[in-house]
Structure formats: structure tokens, C-alpha cells
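Coordinate inspection notes
Here is what each chain is made of, one letter per residue.
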Amino acid sequence: RQLTHMVRLIDDLLDISRISRGKIALKRELVSVQDVINAAVEPSQPYIDSAGHLFEKHIAEPELLIHVDPTRLSQMISNLLTNAAKYT
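So, here's what we can say about the structure. (Residues numbered from 1 in each chain as written. Predicted model: local features only at pLDDT ≥ 70, side-chain atom pairs only at ≥ 80, totals over all residues. Heavy atoms only, no water.)

**As for the packing of helix α2 (residues 33-50) against helix α3 (residues 70-87)**
Interhelical geometry of α2 versus α3 gives an angle of 25° and a closest axis separation of 8 Å. In terms of their interaxial angle, α2 and α3 are classed as roughly parallel. When the axes of α2 and α3 are compared, the crossing they make is right-handed. Mapping the contact onto sequence places Val36, Ile37, Ala39, Ala40, Val41, Pro43, Ser44, Tyr47 and Ile48 in α2 and Pro70, Leu73, Ser74, Ile77, Ser78, Leu81, Thr82, Ala85 and Lys86 in α3. (Axes fitted to C-alpha atoms, helices over the stretch in contact; angles between N-to-C directions. Helix = DSSP H or I, 4+ residues; strand = E, 2+ residues; numbered from the N terminus. Parallel < 35°, antiparallel > 145°, perpendicular 65-115°, else oblique. Left-handed = near helix turned anticlockwise from the far one by under 90°. Contact = heavy atoms within 4.5 Å.)

**Comments concerning a nonpolar patch on the surface**
On the surface, Met6, Leu9, Ile10, Leu13, Leu14 and Ile16 cluster together into a nonpolar patch covering about 580 Å² of accessible area. The residue Leu13 is located in helix α1 (residues 2-20) in this model. (Patch = residues over 30% accessible without salt bridge, like charges linked within 9 Å, V, L, I, M, F, W, Y side chains within 5 Å. Areas by Shrake-Rupley, 256 points an atom, 1.4 Å probe, with all protein chains shown as cover. Salt bridge = Lys/Arg side-chain N within 4 Å of Asp/Glu carboxyl O.)

**A short note on the environment of Val7**
Mapped onto the secondary structure, Val7 falls in helix α1. Here Val7 falls in the partly exposed class, since its relative accessible area comes to 42%. As for Val7 and Arg72, which are separated by 65 residues in sequence, their C-alpha atoms are 15 Å apart. (Buried < 20%, exposed > 50% of the residue type's maximum accessible area, 1.4 Å probe, protein only.)

**Notes on the environment of Pro43**
Among the secondary structure elements, Pro43 is positioned in helix α2. Using a relative accessible area of 11% as the deciding quantity, one classes Pro43 as buried. The spacing of Pro43 and Thr4 is 39 residues in sequence and 8.9 Å in space, taken between C-alpha atoms. In this structure, Pro43 is in contact with His5, Arg8 and Ser78, ignoring residues within four places of it in sequence.

Right under this line is the structure:
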């Protein structure tokens, strides 16, 4: 699990470099909202648990498909959840 977090941290740092140089490309695909949210919650869950917060997912339309870069959207949601858990 820690190796996965380290890899994601390094990927995030590389992404920041790419964004600042204008060299990032989105890889859009059709994915379900539920898959993106599940991928985002997994790395944030340890922070939520360690802070003693209660987190519940309620997805109104789990089969809803969206055309996005699932990695980027998942990272964004995960960052929001992690920051909320750390600083609440």
C-alpha cells in the first residue's frame, strides 16, 4: 500500500511539472461515475479512518457514464477527500 502511495506521489509531482510546461494530455474515455469514485475513495480511506471520520458513499446514478480522464478525475476527488480528512 505504501509503495502505491509513493508511486502516486511521484506521478503527481511529474504531472505538476508537465502542467507547468503545458505538456499534459488528457486521456478521455467513457467510464462509470461509480468506478471513478471507488478509485478515488480507496487511497483516501486510511486518512478518513485514522481521523475517526464517518464516510458514506451515496451515488444516485451508479451506472451513469461520463467521458473524462478517469485517472485525473479520480486524483482530484481523492485529493479533496484526503485534504478534508486531514484538516477537519
